[in-house]
Amino acid sequence: MVTWQDFEQQAPELAPLVRARFEAEKHHVLATLRKDGSPRVSGTEVDFVGADLMLGSMYGSAKARDLQRDGRFALHAHPGDETMAGGDSKVSGRAVEITDEAELSAYAADLPEPPPTAFHAFRLDLEQVVHTAVGEGHLWILNWHPGRPVQRIQLH
């Protein structure tokens, strides 16, 4: 399991770029797997809490049920406008539900606004982070996997 903090330590030049994309907008796109294995895409919000990238969900929601059944996910940060200012970021890995009441309370206390109703909370353990940007007449793709250096790909 690789936390957001682990990622920051392993890829210190990439992590701020990705975090900035997730903090630039409130809503992002989450992909999960339905019971039959087909994909589901949902809008979601994420928060950086302590060492972790966290996702909250309304209690009993389809995306929460998907993640409880199969924690694999992909999360695409809101890409902004057509200029791609700041780049485009995606993370994927496994979501782990927080079920300990003390941890849930601490999570809720760290949020800008407490959840209005019962909720699920998931820690997002990272298996891949990709950031794409346009610069100097090229498309740049920065690709990270745990324990490996950031791969830099330049497309013309």
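Placed above this text is the structure.
Residues numbered from 1 in each chain as written. Predicted model: local features only at pLDDT ≥ 70, side-chain atom pairs only at ≥ 80, totals over all residues. Heavy atoms only, no water.

Undergrad: Looking at this structure, I do not really get the overall build of the chain. What am I missing?
TA: When you go through the chain residue by residue, the secondary structure sums to four helices and nine strands. In the chain, the order of α-helices and β-strands from amino to carboxyl end is α-α-β-β-β-β-α-β-β-α-β-β-β. Since a compact globule built from 156 residues should have a radius of gyration of about 15 Å, the 16 Å found for the chain is in line with a globular shape. The principal-axis extent of the C-alpha atoms belonging to the chain is close to 50 × 35 × 30 Å. Per-residue burial over the chain gives 39% buried out of 156 residues. Approximately 8600 Å² of the chain is accessible, and the part contributed by carbon and sulfur atoms is 54%. Side chains of the chain give 15 positive and 23 negative charges; the mean places of these two sets differ by 8 Å. (Helix = DSSP H or I, 4+ residues; strand = E, 2+ residues; numbered from the N terminus. Rg over C-alpha atoms; globule rule 2.2 N^0.38 Å. Buried < 20%, exposed > 50% of the residue type's maximum accessible area, 1.4 Å probe, protein only. Areas by Shrake-Rupley, 256 points an atom, 1.4 Å probe, with all protein chains shown as cover. Lys, Arg positive; Asp, Glu negative; His and termini not counted. Charge placed at Lys NZ, Arg CZ, Asp CG, Glu CD.)

Undergrad: I would appreciate a short explanation of the pairing of strand β1 (residues 28-33) in the present structure.
TA: As a general feature of sheets, a regular strand has side chains that alternate between the two faces. Going residue by residue along β1, you find H28, L30 and T32 tucked away on one face and V29, A31 and L33 left uncovered on the opposite face. Count of turn residues in the β1/strand β2 (residues 39-44) antiparallel hairpin: five residues, of which G37 carries a positive phi of about 90°. (Pairing = 2+ DSSP bridges.)

Undergrad: Explain the side chain of H28 to me, please; I cannot follow it from the model alone.
TA: Relative to the assigned elements, H28 resides in strand β1. Under the relative-accessibility criterion, H28 is labelled buried at 3%. Within polar-contact distance, the side chain of H28 engages the backbone oxygen of F22 at 3.0 Å. Polar side-chain contacts of H28 include one of 2.9 Å to the backbone nitrogen of H78. (Polar contact = N/O pair within 3.5 Å; in protein donor to acceptor, adjacent residues only side chain to side chain.)

Undergrad: Would you mind going over the nonpolar core with me for this structure?
TA: The nonpolar side chains of a soluble globular protein tend to be buried with one another. F7, L14, V91 and W144 are the most contacted members of the largest nonpolar core, which totals 27 residues. Among the elements that make up this core, the one with the highest residue count is strand β7 (residues 119-135) (four residues). For W144, the contacting residues outside a window of four places in its chain are V2, F7, Q10, A11, L14, L126, E127, Q128, V129 and V150. Grouped together as the second largest cluster of nonpolar side chains are seven residues, M54, I98, Y107 and A121 included. (Core = buried A, V, L, I, M, F, W, Y, C linked by side-chain atoms within 4.5 Å. Contact = heavy atoms within 4.5 Å.)

Undergrad: Sorry if this is basic, but what is going on with the pattern of salt bridges here?
TA: Side chains carrying opposite charge are able to pair once their charged atoms draw close together. Scanning the entire structure with this criterion turns up nine salt bridges. Linking E8 and R19 is a salt bridge whose minimum nitrogen-to-oxygen distance equals 3.9 Å. Separated by eleven residues along the polypeptide, E8 in helix α1 (residues 4-10) and R19 in helix α2 (residues 15-24) bring together distant segments of the chain. Looking at E8, the relative accessible area reads 30%, which means it is partly exposed. Judged by relative accessible area, R19 falls into the partly exposed class, the value being 27%. A salt bridge links R72 to D70; its shortest N-O distance comes to 2.7 Å. Overlapping salt bridges, with partners in common, bring together E8, R19 and E23 in one network. (Salt bridge = Lys/Arg side-chain N within 4 Å of Asp/Glu carboxyl O.)

Undergrad: Explain helix α4 (residues 101-110) here, please?
TA: Given 3.6 residues per turn, any residue in an α-helix points the same way as the ones three and four places further on. Buried within α4 we find L104, Y107 and A108. Take α4 and look down its axis: the buried residues cluster within an arc of 95°, on one side only. The exposed set on the far side of α4, more than 90 degrees from its buried face, consists of A102, A109 and D110. Where α4 is buried, its residues touch β3 (46-49), β4 (52-58) and β7. At the N-terminal boundary of α4, the capping side chain belongs to D100, with an oxygen 3.1 Å from the backbone nitrogen of A102. (Arc of directions from axis to C-beta.)

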